[in-house]
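Geometric and topological summary
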Amino acid sequence: MLFKHYFQINDNIITKDHIVSFYNYDSECNLRLAAKLKYSHIYPSPFEKMRVFLTAQIFSESVAADISTVLVSKILPPSAQFTINFINDMDKLFDIFNSSKIPGLKSFKRPFKNTPEQINHLN
């Protein structure tokens, strides 16, 4: 849905344009920040649009961190911060709903235990 529409959360606009701009910049670099981000992530075919793992890879903490790096370099506009926050929130949701029995380093990746941190994020 993000690739078809803008999202508005309060007064903040979340748009795919920041992700596309980041990809276009990063794909031209010799040392890529998001090396796993491919053309099919940004411009998916009709069948690739149904692959959840492509979306999960875009909405990952590492992609948000990579976009933040480009934002700090002033290559992206300051409004990209809203998209970065949205990606981080989506990553946490993926982690909560796809948790593992084996505890990991990420607190949201642990099994749902109705902790205040998990509940606050879901709210």
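These lines cover the structure that appears in this document, whether it is placed above or below. Source: prediction; values computed, not measured. (Residues numbered from 1 in each chain as written. Predicted model: local features only at pLDDT ≥ 70, side-chain atom pairs only at ≥ 80, totals over all residues. Heavy atoms only, no water.)

**Section: unusual backbone geometry**
Excluding glycine, most residues fall at negative phi; most peptide bonds, likewise, are trans. Backbone geometry places Asn-10, a non-glycine residue, at a positive phi of 60 degrees. Tracing the backbone through its elements, the reader meets Asn-10 in the loop between β1 (7-9) and β2 (12-14). The class for Asn-10 is exposed, based on a relative accessible area of 66%. One non-glycine residue, Lys-74, lies in the positive phi region at around 65 degrees. Tracing the sequence through the fold places Lys-74 in the loop between α4 (61-72) and α5 (80-97). By relative accessible area, which is 74% here, Lys-74 ends up exposed. (Helix = DSSP H or I, 4+ residues; strand = E, 2+ residues; numbered from the N terminus. Buried < 20%, exposed > 50% of the residue type's maximum accessible area, 1.4 Å probe, protein only.)

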